[in-house]
Amino acid sequence: MQPEVEITKREDGSFNAYVGIGDGTRRYAREGLPSVAECLQDAAAALGPEFSFATVIYDRLRLGSYPVAVMEHRAFEVADELLTKLSNRRHRA
């Protein structure tokens, strides 16, 4: 089963990151992170080398599956891509 990384934006402008295994159970949580990129890096570190890919959910929307190593080492690029995808979906709705 592929893990899921769920990122939510808090009212204060910070972010929460949750890692689950696809059954709705959260196995790891980190709250109050300053950016989406930091959420990705933190979640990738929590997943470790035992997982190759993870599905990323932002604002309750599944935005794609990404290699865990890319989430960790190219987090700013992945964060930009996620926010672009989110913006595009909102404009189509």
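Residues numbered from 1 in each chain as written. Predicted model: local features only at pLDDT ≥ 70, side-chain atom pairs only at ≥ 80, totals over all residues. Heavy atoms only, no water.

## A closer look at the overall build of the protein chain
- Scanning the protein chain from terminus to terminus reveals three helices and five strands.
- In sequence order, the protein chain lays out its α and β elements as β-β-β-α-β-β-α-α.
- The C-alpha extent of the protein chain, read off along each of the three principal axes, is 35 × 25 × 25 Å.
- Residue burial in the protein chain is summarised as follows: out of 93 residues, 38% are buried.
- The long-range fraction of contacts in the protein chain, counting pairs at least 24 apart against all pairs at least 6 apart in sequence, stands at 38%.
- Side chains of the protein chain carry 12 positive and 14 negative charges; the gap between the two charge centres is 6 Å. (Helix = DSSP H or I, 4+ residues; strand = E, 2+ residues; numbered from the N terminus. Buried < 20%, exposed > 50% of the residue type's maximum accessible area, 1.4 Å probe, protein only. Contact = heavy atoms within 4.5 Å. Lys, Arg positive; Asp, Glu negative; His and termini not counted. Charge placed at Lys NZ, Arg CZ, Asp CG, Glu CD.)

## Points about the pattern of salt bridges
- What the rule picks out here adds up to six salt bridges.
- Here R10 makes a salt bridge to D12, at a shortest N to O gap of 3.2 Å. (Salt bridge = Lys/Arg side-chain N within 4 Å of Asp/Glu carboxyl O.)

## Regarding the nonpolar core
- Residues V5, I7, V36, L40, M71 and L82 are the most contacted members of the largest nonpolar core, which totals 25 residues.
- Counting residues per element, the ones that place at least two in this core are β1 (4-9), β2 (15-20), α1 (36-47), β4 (53-58), β5 (61-67), α2 (68-73) and α3 (75-92).
- The element that contributes the greatest number of residues to this core is α1, accounting for seven residues.
- Residues contacting V36, with those up to four places away along its chain left out, are I7, F15, Y58, A79, L82 and L83. (Core = buried A, V, L, I, M, F, W, Y, C linked by side-chain atoms within 4.5 Å.)

## Considerations on the side chain of E4
- Position of E4 among the secondary structure elements: in strand β1.
- Polar side-chain contacts of E4 include one of 2.6 Å to the side chain of R62.
- Discounting residues that sit within four places of it in the chain, E4 has contacts with Y18, V19, G20, G22, T55, I57 and R62. (Polar contact = N/O pair within 3.5 Å; in protein donor to acceptor, adjacent residues only side chain to side chain.)

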